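Observations on the model geometry
The chain contents come next:
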Amino acid sequence: MRKSKSPIRISAAVLGLFLLLSCGRDSENEVGEFKNDFVGNEIKVQALADPKVDGVTCHLTHFDRGFWDRVSKGNWFEDPSNASIACRQTGPLKIGDIDFGNDGEEVFSQRMSLVFKSIAVRRIFDEANNTLIYVVYSRRPIEGSAKMAISTISLYDQDVVFPQDQFNAE
């Protein structure tokens, strides 16, 4: 005689499937996607407006593992943290209250695993070269990663609006 599956097991399986489907997803900003192999893996393309710098849009690409890749390779709840970024001026530049320190500030983060791994975008202002720098990198709390990409926007000869008194403090 067969045992029926317990409601707890069924609930756990449904929850696991839901969590699997939600890893690495941010369809709100998605502008494109395409399959890059026969097992359903995809490259996702997202458009990210810098929340503190009007007139800047970054396009971020990242890998999204398909169902069959997860089944065959295990590691169900994690996508690779490889990403690429390109940022461009897409309107008049108006810089808000950004962090002008050497370590800049994080402007975007997205989970790439159920718990620990994410990709993030950090903005740094290079005052000496009058340039905004955007770096996409993988973040893991225990084991760092050298996976990163960079994009810059030159402010040279641009009519840029800065926060009041940013460079007038003497």
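Residues numbered from 1 in each chain as written. Predicted model: local features only at pLDDT ≥ 70, side-chain atom pairs only at ≥ 80, totals over all residues. Heavy atoms only, no water.

Considering the packing of aromatic side chains
Tallying each qualifying case throughout the model produces two aromatic pairs. Ring geometry for F100 versus F125: centroids 5.3 Å apart, planes at 90°, classification edge-to-face. Residue F100 is located in the loop between β4 (83-95) and β5 (105-111), and its partner F125 is located in strand β6 (residues 118-126); the two are separated by 25 residues in the primary sequence. Aromatic pair F125 and F162: ring centres 5.9 Å apart, planes at 70°, arrangement edge-to-face. Taken together, the residues span a long stretch of sequence, with F125 in strand β6 and F162 in the segment after β8 (148-154) at a distance of 37 residues. Joined through ring pairs, the aromatic side chains of F100, F125 and F162 make up one cluster. (Phe/Tyr/Trp six-rings, centres within 6.5 Å; stacked < 30°, edge-to-face > 60°. Helix = DSSP H or I, 4+ residues; strand = E, 2+ residues; numbered from the N terminus.)

A look at the state of the cysteines
By definition, a disulfide links two cysteine residues through a covalent bond between their sulfur atoms. Using the criterion set out here, one finds one disulfide in the structure. What pairs with C58 in a disulfide is C87, and their sulfur atoms sit 2.1 Å apart. Between C58 and C87 the disulfide shows an S-S torsion of about 105°. By sign, it is right-handed. Here C58 is found in strand β3 (residues 53-64), whereas its partner C87 is found in strand β4, with 29 residues between them in sequence. C58 sits in the buried class, given a relative accessible area of 4%. (Disulfide = S-S within 2.5 Å. Buried < 20%, exposed > 50% of the residue type's maximum accessible area, 1.4 Å probe, protein only.)

As for the sheet that holds strand β1 (residues 30-35)
The antiparallel open sheet is built from four strands, whose spatial order is β1-β2-β3-β4. Taken across any chain shown, the strands that pair with only one partner, and hence form the sheet edges, are β1 and β4. Averaged over all pairs of adjacent strands, the angle between their axes in this sheet comes to 15°, without regard to strand direction. (Pairing = 2+ DSSP bridges. Axes fitted to C-alpha atoms, helices over the stretch in contact; angles between N-to-C directions.)

A look at unusual backbone geometry
If you check the backbone angles, N130 has positive phi at about 50° while not being a glycine. Looking at the element boundaries, N130 is found in the loop between β6 and β7 (131-139). The phi dihedral of D157 is positive, around 60°, even though this residue is not glycine. Within the secondary structure layout, D157 lies in the segment after β8. Residue D157 is classed as exposed on the basis of its relative accessible area of 70%.

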